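# Reading the structure
One-letter residues, chain by chain:
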Amino acid sequence: MNERSDGAEATRVFNFSAGPAVLPLPVLRQARDEMLSLPGVGMSVLEISHRSPAFDRILEETVADLRQLVGISDEYELIFLQGGASLQFSMVPMNLLRGQSAPADYIITGTWGATAVKEAQREGATHVAWDGEAGGYDRLPAAGEANLSPDSAYVHITSNETIQGVQWQQDPDVGSAHLVCDCSSDFLSRPIDVAKYGLIYACAQKNAGIAGVTAVIIRKDLLARSRDDLPKMLDYRTFAKNGSRPNTPPVFAVYVLGLVCRWVRDTMGGLTAMAHHNATKAALLYDAVDGSGGFFAGHAHPACRSAMNVTFRLPNEQLEKAFVQGAAHHGLMDLQGHRSVGGIRASIYNAMPTAGVEALRDYMLDFQRSHS
Ligand SMILES: *Cc1c(COP(=O)(O)O)cnc(C)c1O
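The structure displayed is predicted, hence computed values, not measured ones. (Residues numbered from 1 in each chain as written. Predicted model: local features only at pLDDT ≥ 70, side-chain atom pairs only at ≥ 80, totals over all residues. Heavy atoms only, no water.)

## Quick notes on unusual backbone geometry
- Here the bond from G19 into P20 is cis, since omega is -10 degrees, no more than 30 degrees from zero.
- Looking at the element boundaries, P20 is found in the loop between strand 1 (14-15) and helix 2 (25-34).
- Positive phi values are uncommon outside glycine, yet L188 reaches one of about 70 degrees.
- Along the chain, L188 turns up in the loop between strand 8 (179-182) and strand 9 (199-203).
- A positive phi angle is found at S244, which is not glycine, with a value near 65 degrees. (Helix = DSSP H or I, 4+ residues; strand = E, 2+ residues; numbered from the N terminus.)

## Looking at the site of the ligand
- Around the ligand lies a shell of 14 residues, among which S86, T162, D182, Q205 and K206 are the nearest.
- Between the ligand and the protein, one listed contact pairs a nitrogen atom with a side-chain N or O atom of D182 at 2.7 Å.
- Contact distances for the ligand include 2.5 Å between an oxygen atom and a side-chain N or O atom of K206.
- With the chains in place, 87% of the 390 Å² that the ligand exposes on its own is no longer accessible.
- Looking at the shell around the ligand, the element that brings in the most residues is helix 4 (residues 84-96), giving four residues.
- Of the residues that constitute the shell around the ligand, the class distribution is four nonpolar, eight polar and two charged. (Near = heavy atom within 4 Å. Polar contact = N/O pair within 3.5 Å; in protein donor to acceptor, adjacent residues only side chain to side chain. Areas by Shrake-Rupley, 256 points an atom, 1.4 Å probe, with all protein chains shown as cover. Nonpolar A, V, L, I, M, F, W, Y, C, P; charged D, E, K, R; others polar.)

## Some words on the domain arrangement of the protein
- Split into domains, the protein comes out as domain 1 (7-28 + 270-371) and domain 2 (32-266).
- Put simply, the middle of domain 1 and the middle of domain 2, counted by C-alpha atoms, are 26 Å apart.
- With 34 residues of domain 1 at the interface, the matching set in domain 2 holds 34 residues.
- Carbon and sulfur atoms make up 59% of the surface buried where domain 1 meets domain 2, a total of about 2700 Å² over both sides.
- If you sort the residues of domain 1 by the area they bury against domain 2, V27, L271 and C304 come out on top, with a joint share of 23%.
- Linking domain 1 with domain 2 are zero salt bridges.
- Applying the counting rule to domain 1 against domain 2 returns 18 residue pairs in polar contact (both at pLDDT 80 or more).
- Within the residue set of the side of domain 1 that touches domain 2, elements represented by two or more residues are helix 2, helix 8 (271-290) and strand 12 (309-313).
- Looking at the side of domain 1 that touches domain 2, the element that brings in the most residues is helix 8, giving five residues.
- Looking at side-chain class alone, the side of domain 1 that touches domain 2 contains 19 nonpolar, twelve polar and three charged residues. (Domains from an automatic or database assignment. Contact = heavy atoms within 4.5 Å. Buried area = accessible area lost by both parts, 1.4 Å probe. Salt bridge = Lys/Arg side-chain N within 4 Å of Asp/Glu carboxyl O.)

Below is the structure:
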């Protein structure tokens, strides 16, 4: 590393948290360096007006850079909202289902999809086209297995189920239906063919930055579905019309999103290179799982495995506890699975360096040797 290091940096551990999650070091350094005074502005980004020229520039650059990085055409609006991905569980049906005669189809491949459909049910008719619950959410539907409605308001999927570690390997084929995707935990981790989607949403705090901002990419013609009886702040049109600034936006979160975007583009080489890097990291852990003779048992079917959240079990809960505790002593933090499912979950988002994944892989091999 030829990067400048200071005392605090030397104490950093490898952070496998599912979110908020590890950020790229260069992003943290730039945010630190500019914290007291933005270049040419003389004030912190935390202090400036959201209507100032300085923030105009930050917002414009973030939108332009994100559009370019992801490949978002002029057919789509890109807007920034608050309320996290969870608010989108409500806003999507409020805007796209309210007043529609056809139901919204949900393909449920994990906890987040199951949470999303519950909110949609408050708003209108829904149809569960496929639900992996009986198998503990360990796979995706096979081609043609999802029972899609002949006519639907939209079809909702979760591209990466953060808790179970199940990830769509390609954009699903839903015919002419409008595909809506919760991309929260793999946004900016790989290319996405935006043209296949009606709406994509992602909170930032997994791969794209910090909590507080959620990106929504919506095809412009779908904005016409929103009805005038919606509360103004829950209507996508309000944000599209006002350039994501009907009120005070989360200025710092937007600023960090811009920094992350440029890090993915300039340092990591863009989304295709990022995807390759992520696949290589994930393979290090899955190879350790597969080579363990069953000591480590992967949760997801191999064909559905997530490159972001690697989930596996040990022979019993005591060993899992010992594994997590021992890992912490090696500076490998937050490896416990989500409280609802247990086991081990290693979240290895964009910013997790290969060295962190290698350290975890080595720890897995050592742990198995000393416990079997
Ligand atoms: C983290 C996450 C959410 C919830 O995000 P919040 O911003 O906390 O509401 C929803 N969906 C997925 C796939 C997630 O990973």
